[in-house]
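# Observations on chain architecture
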Amino acid sequence: MSDATTDVGTVSLPFATGEAAAGPLTWAQSVMWGPMQWFGKEANQFNIGEALVLPAPVAPARLHAVLRTLIEAHQTLRTRYVDRADQPQQQVAAAGAYDIVVVDDHGDPARVGAELVATLTAAAFDHEAEWPLRVGCVRDRAGRISAVALVGSHLAFDGWAFNTLTALLRGRLTDAPSPQETPTAGSGAQPLAQAAFQQSTAGRQQSRLGLRHWEQGLSAAPPSMFDLPRAATGDQPIERHLLDSTAVTAAATALATRTRTSFSTVLLCLTTLVLTAYNGHRTGVFKLIAGNRLDRDSRDLIALNTLDALLVHRVDEDADLLTAIRQLHRPAFDAYRRAPCDPAGVRTVVEQVGRRRGVAFDLSAYFNNGHRGSDWATADPDPGSERLAVLRRDSRYSRLEPLSKSDMRFYVAASNLGDGRCRLGLLVDTAYLPGGLGETIIRGIETLLCQAVTGAVRVAEIADRIGLTPAHRGPDWVSTPAGWVRPHTVAELVGEVAGAAAFAEPSADGGVTAYVSGSCSPEELHRRVLDALPGRPGLVAPTEYVICGSAPPTGAGADAWRAGPVLARGTGRDA
């Protein structure tokens, strides 16, 4: 903390309302619960913060009264999340107190407020011991509040919910509420009610429709977008890139109008095409961050409401970019529409379909249109090449500090900075997208958008257009219906789980046949292989197992394995 915020004190703000209550997590909270536990102390990267600089300072009593009203009206603000017998719960308190950090503004509330947000964001939330919102205030020399710092946990808030909360607070402190941004406190939109609906007959039926979408999509999806040769990395392998661009806003808006789709579809299409151009896939599989808020209750809900949607889309390499955008629009719509479903059911479907296909799914490519609404203001609804060139000169590229780990290998996000600026964010795991690929990709999305506005762009040209060198797979890689593999690594896996020598080669059915010495049955060997697949993208189970009575001499080739005594042969799959 800087000198401006060293004079820290705290004020206790008590609240009391209604009765205490508890219940299961909502589906959205359940999706976020796992990553929060996995990241541990590094979950602070999910914290959401903002400093509200007030147009006119207010008395501390007024701030406290507004905060107390909001806390008492919205369950999220007085909820703790606890793990009881491996069953996480949300526990809503009827009474309690917030500790509000207080610092002096030193005549610069904007700077000190931003510094206070950074301080409050630094640590991950202890959800069982603290409220999911941290509050700080900045005071002027007269003791009045000149800025408010808010930091929320992503287990409790998504961007919509956090922006709604900050809009409520700002409106009530400035007497300037906006009907579009400030719901009625206590409107009935509460997380416990949402969780109860999701457990109801209607909620379970909604979930069944979503799970059917996942099952159908995964039946045709590549198991991973990262069945790639791995590169060596350091201890901070996760790069994060940012591009702030009015050119992206203008070009994507123009393309959305021409294709009668949406800003989100345009960016999602470019994201899919760029990644498949690099990894050599014909089908892309992405998790889309879906924050469906289609009714008044969900729009008023100050709580996390985002779920994972599944997009599986086959790329037409012969199409032009405008056609590709149109082709993606309906699959994306269906993915978002079927996002509401039980995450536990999703995990079951992912495992069951994977075992049926002989793969372990690595669904670690993500896309998130984080803009609230569909209106992207731009002064250039149909820009020409000269205007786009001018806009691109103002684009600002930067990099954030790298991370030691992430549950995502590839993540593209778009957010609206206002004034016609779109912020593109890109996270890449450099084990699979090494060197300068991150910057090439994020700048390449902007390039392709602008080129598609002013001329035809073919999907097959994408890599060349942006200077992207596709991943190199040597002659030992083969494409199978289950993804790209190297037979010798499949042999290594089979030999590992069998505790014996093994050999593998491409088979006539397009898969891989594995030969292994020993007495294990194909069925038992297949089960062991499936159990060992998770966490190993670029590996699939053989489509046939040949159990040999003995192994040929070390270094012997395929003919020696084929000529050996065969004890059993089979797929290992259930009939």
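Up top is the structure these notes are about.
Residues numbered from 1 in each chain as written. Predicted model: local features only at pLDDT ≥ 70, side-chain atom pairs only at ≥ 80, totals over all residues. Heavy atoms only, no water.

### A few points about the overall build of the chain
When helices and strands are counted, the chain shows 17 helices and 21 strands. Relative to the globule expectation of 25 Å for 575 residues, the C-alpha radius of gyration of the chain, 27 Å, shows essentially globular dimensions. For the chain, the C-alpha atoms occupy an extent of roughly 90 × 60 × 50 Å along the three principal directions. Going through the 575 residues of the chain one by one, you find that 53% of them count as buried. Taking the intrachain contacts of the chain between residues at least 6 apart in sequence as the baseline, contacts between residues at least 24 apart amount to 77%. Surface accessibility of the chain: about 24,600 Å² in total, with carbon and sulfur atoms responsible for 50%. Averaging the positions of the 55 positive and the 61 negative side-chain charges in the chain gives two centres separated by 3 Å. (Helix = DSSP H or I, 4+ residues; strand = E, 2+ residues; numbered from the N terminus. Rg over C-alpha atoms; globule rule 2.2 N^0.38 Å. Buried < 20%, exposed > 50% of the residue type's maximum accessible area, 1.4 Å probe, protein only. Contact = heavy atoms within 4.5 Å. Areas by Shrake-Rupley, 256 points an atom, 1.4 Å probe, with all protein chains shown as cover. Lys, Arg positive; Asp, Glu negative; His and termini not counted. Charge placed at Lys NZ, Arg CZ, Asp CG, Glu CD.)

### Describing unusual backbone geometry
If you check the backbone angles, H106 has positive phi at about 50° while not being a glycine. Among the structural elements, H106 can be located in the loop between β6 (95–104) and α3 (109–121). Phi at D419 is positive, roughly 60°, even though this residue is not glycine. Residue position: D419 is located in the loop between β14 (410–418) and β15 (421–429).

### Section: the pattern of salt bridges
As enumerated under the stated definition, the model contains 30 salt bridges in all. D175 serves as the salt-bridge partner of R62, at 3.0 Å between the closest nitrogen and oxygen. Placement of the pair is R62 in helix α2 (residues 60–73) and D175 in the loop between α4 (159–174) and α5 (191–199), with a sequence separation of 113 residues. Its relative accessible area of 30% is what places R62 among the partly exposed residues. Overall, D175 belongs to the exposed group, its relative accessible area being 60%. Here D334 and R330 are joined by a salt bridge, their closest N and O atoms 2.9 Å apart. Of this pair, D334 and R330 are both found in helix α10 (residues 321–337), four residues apart, which corresponds to roughly one turn of the helix. When salt bridges with common partners are traced through the structure, they connect D108, R111 and E115 into a single cluster. (Salt bridge = Lys/Arg side-chain N within 4 Å of Asp/Glu carboxyl O.)

### Notes on the packing of α5 against helix α6 (residues 201–218)
Orientation of α5 relative to α6, taken along the N-to-C sense of each, is 70°, at an axis distance of 4 Å. Viewed along their axes, α5 and α6 adopt a mutual orientation that is roughly perpendicular. Between α5 and α6, the contacting residues are F197, Q198 and Q199 on the first element and T201, A202, G203, R204 and Q206 on the second. Looking at the contact of α5 with α6 residue by residue, the class counts come to two nonpolar, five polar and one charged. (Axes fitted to C-alpha atoms, helices over the stretch in contact; angles between N-to-C directions. Parallel < 35°, antiparallel > 145°, perpendicular 65-115°, else oblique. Nonpolar A, V, L, I, M, F, W, Y, C, P; charged D, E, K, R; others polar.)

### Brief notes about the side chain of T265
The topology assignment puts T265 in helix α8 (residues 263–279). Side-chain polar atoms of T265 contact the side chain of S262, separated by 3.0 Å. Contact partners of T265, with chain neighbours within four places excluded, come to I325, L328 and H329. (Polar contact = N/O pair within 3.5 Å; in protein donor to acceptor, adjacent residues only side chain to side chain.)

### Overview of the side chain of Q75
Structurally, Q75 is set in the loop between α2 and β4 (79–84). Contact partners of Q75, with chain neighbours within four places excluded, come to V92, Q190, P191 and L192.

### Some thoughts on the sheet that holds strand β1 (residues 9–16)
Taken in spatial order, the five strands make up an open sheet running β1-β6-β7-β8-β3, and their pairing is mixed. Strands with a single pairing partner mark the edges of an open sheet, and in this sheet they are β1 and β3 (48–58). For this sheet, the mean angle separating the axes of adjacent strands, direction not counted, is 25°. Across four bridges, the pairing between β6 and strand β7 (residues 133–139) is parallel. When the bridges of β7 are listed, V101 appears paired with G136. Docked against the sheet, α2 engages β1, β3, β6, β7 and β8 (145–152), running at close to 45° with respect to β1. This element, α3, spans β3, β6, β7 and β8 of the sheet and lies at about 25° to β8. (Pairing = 2+ DSSP bridges.)

Function-wise, these values are silent; they only describe arrangement.
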